Amino acid sequence: MNKEEIMKILPHREPILLVDEVLEIGEDYVVAKKYVKKDEPVLKGHFPDYPIYPGVYIIEGLAQASGIMLLRTNTGKVVPLFLGIDEARFKKEVRPECELIYNVKLIEKKGPIAIIDAKAYVDNQLVAKAKLMVGSKEGEEK
């Protein structure tokens, strides 16, 4: 799944769309990719002399990958919601010019709310992990 297909599912747009490609998708999991480039806007300030991709961006990317998994068959105007984070840990720095792999798996789902096991990798090394609570609601017309 490429970025154009992702934008048909998620309402996010640049510069906050943090999933570039979906590599695998199933009923209860997604493997997705974010290319962390040296010209990412956030790296201009985090930090100019030693750029590190922010942990909150990694977590948001994991939440977006979760949204793709949960909303992939949606044909209506549904808005994904990020409802909570538990057990978040950052294991290694994420530096520019890498491929950040998001691996999300559904743990539990009750109605529109889901608990997700979320992990991020660079070069097959775990860089971040968390349990996420995500949901959705009907979008409002403009």
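Residues numbered from 1 in each chain as written. Predicted model: local features only at pLDDT ≥ 70, side-chain atom pairs only at ≥ 80, totals over all residues. Heavy atoms only, no water.

A. Expanded view of the overall build of the chain. Of the regular secondary structure elements, the chain holds 2 helices and 6 strands. Expected size for 142 residues packed as a compact globule is a radius of gyration near 14 Å; at 15 Å, the chain falls within 12% of this value. In terms of its C-alpha atoms, the chain occupies a principal-axis envelope of roughly 45 × 30 × 25 Å. Looking at the chain alone, contacts between residues at least 24 apart form 62% of all its contacts between residues at least 6 apart. On the chain, the mean spot of the 22 positive side-chain charges and the mean spot of the 23 negative ones are 2 Å from each other. (Helix = DSSP H or I, 4+ residues; strand = E, 2+ residues; numbered from the N terminus. Rg over C-alpha atoms; globule rule 2.2 N^0.38 Å. Contact = heavy atoms within 4.5 Å. Lys, Arg positive; Asp, Glu negative; His and termini not counted. Charge placed at Lys NZ, Arg CZ, Asp CG, Glu CD.)

B. Representation of the packing of aromatic side chains. A complete count under the given rule lists 1 aromatic pair for this structure. Ring geometry for tyrosine 53 against tyrosine 57: centres 5.7 Å apart, planes inclined by 75°, an arrangement best described as edge-to-face. The exposure class assigned to tyrosine 53 is buried, which follows from its relative accessible area of 2%. For tyrosine 57, a relative accessible area of 25% puts it in the partly exposed group. The ring of tyrosine 50 carries arginine 95 above its face, with NZ or CZ at 3.8 Å from the centroid. (Phe/Tyr/Trp six-rings, centres within 6.5 Å; stacked < 30°, edge-to-face > 60°. Buried < 20%, exposed > 50% of the residue type's maximum accessible area, 1.4 Å probe, protein only. Lys NZ or Arg CZ within 6 Å of the ring centre and 35° of its normal.)

C. Examining the pattern of salt bridges more closely. The final tally for this structure, using the stated rule, is 10 salt bridges. Between lysine 3 and aspartate 20 there is a salt bridge whose closest N-O contact spans 2.8 Å. Taken as a pair, lysine 3 in helix α1 (residues 3–9) and aspartate 20 in the loop between α1 and β1 (21–25) lie far apart in primary sequence, 17 residues in all. Among the residues examined, lysine 3 registers a relative accessible area of 21% and is labelled partly exposed. Of the residues examined, aspartate 20 reaches a relative accessible area of 10% and is grouped as buried. Measuring nitrogen to oxygen at the nearest pair gives 3.8 Å for the salt bridge that ties lysine 37 to glutamate 40. (Salt bridge = Lys/Arg side-chain N within 4 Å of Asp/Glu carboxyl O.)

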